[in-house]
Amino acid sequence: MINKSLVRTFNRFKAISARMIFFGRYKVLLSILITIFYAHGALKAQNSSIICTHYNVNNGLINNSVEYVYIDGEGFVWFATSTGLQQFDGFNFINYLYNSDDSSSISYNFISTISEDRDGNIWIGTLGKGLNMFNKERGVFYHFKNGPYDASILTSNIIPRGHKVIVQDSDGYLWVNTNFGLNKINIETKSVEHFHGDLAGEINYDQDLKVLWIASGRL
């Protein structure tokens, strides 16, 4: 006669085995569904319609090598190149080039960086001829550069290329970093305060902490 407890144990084992088989199949099915889901997502991403428009010297750019790109508050895109400054409205390019016969033109064609102040003036750094402020309403450039007769304007006329080195703080002062010192510019009076030392590098202004971050070989 078969022991009843043995039968009960055997039946429990069968039930557990059945559950294990069920959950094993469930895991396999779940794995398959997850694989299909991610494969579908990958295929969808690959087939997404991303349209890229390419610009070069054949359709508007004055130089295929762009040093810096800046989008101003009005949505205009500004390109810094080694052969001039360009403004782009999404359809047309406007070129701003140095003209020795026009004192209100940009001071140099090698543009290194671009920024904007809260009044909408565009600030342009050059690689050798200092800083320019462009008044969009009047269409003229104002120059800030270190000259033989006035070394108090900028610590250096070389504004580093391809970096963010022009920012405005909460008090309205404009900070410009050069390869030879930091400059604090009072935009209204056009006066400049110099800070010398190991300060070369990109700069960012923290509105909350009211501090200037300078990132180069050290922070």
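Note: the structure precedes this text.
Residues numbered from 1 in each chain as written. Predicted model: local features only at pLDDT ≥ 70, side-chain atom pairs only at ≥ 80, totals over all residues. Heavy atoms only, no water.

## Here we look at the sheet that holds strand E10 (residues 174-178)
Right, so step 1: Read across the sheet, 4 strands follow the order E9-E10-E11-E12 without closing on themselves; strand pairing throughout is antiparallel. Edge positions in the sheet fall to strand E9 (166-168) and strand E12 (191-195), since each of these pairs with one other strand and no more. Neighbouring strand axes in the sheet, compared pairwise and without regard to direction, differ in orientation by 25 degrees on average.
Right, so step 2: The pairing of E9 with E10 spans 3 bridges and is antiparallel. If you follow Ile166 over to E10, its bridge partner there is Val176. (Pairing = 2+ DSSP bridges. Helix = DSSP H or I, 4+ residues; strand = E, 2+ residues; numbered from the N terminus. Axes fitted to C-alpha atoms, helices over the stretch in contact; angles between N-to-C directions.)

## Notes on the side chain of Asn183
Right, so step 1: Within the element layout of this structure, Asn183 appears in strand E11 (residues 181-186).
Right, so step 2: Here Thr155 takes part through its backbone nitrogen, which lies 2.9 Å from a polar atom of the side chain of Asn183.
Right, so step 3: In this structure Asn183 touches Ile153, Leu154, Thr155, Leu174, Trp175, Val176, Thr178, Val192, Glu193 and His194, once residues within four positions along its chain are discounted. (Polar contact = N/O pair within 3.5 Å; in protein donor to acceptor, adjacent residues only side chain to side chain. Contact = heavy atoms within 4.5 Å.)

## Focus on the packing of aromatic side chains
Right, so step 1: For the coordinates displayed, the defined rule picks out 12 aromatic pairs.
Right, so step 2: Ring geometry for Tyr55 versus Phe93: centroids 5.7 Å apart, planes at 75 degrees, classification edge-to-face. With Tyr55 in the loop between helix H1 (4-46) and strand E1 (66-71) and Phe93 in strand E4 (residues 93-96), this residue pair connects regions lying 38 residues apart in the sequence.
Right, so step 3: On the accessibility criterion, Tyr55 (37% relative accessible area) is partly exposed.
Right, so step 4: Look at Phe88 and Phe93: their rings are 4.3 Å apart centre to centre, the planes differ by 25 degrees, and that puts the pair in the stacked class. Just as Phe88 is buried, Phe93 falls in that class too.
Right, so step 5: Against the face of Tyr173 rests Lys184, its NZ or CZ located 4.3 Å from the ring centre. (Phe/Tyr/Trp six-rings, centres within 6.5 Å; stacked < 30°, edge-to-face > 60°. Buried < 20%, exposed > 50% of the residue type's maximum accessible area, 1.4 Å probe, protein only. Lys NZ or Arg CZ within 6 Å of the ring centre and 35° of its normal.)

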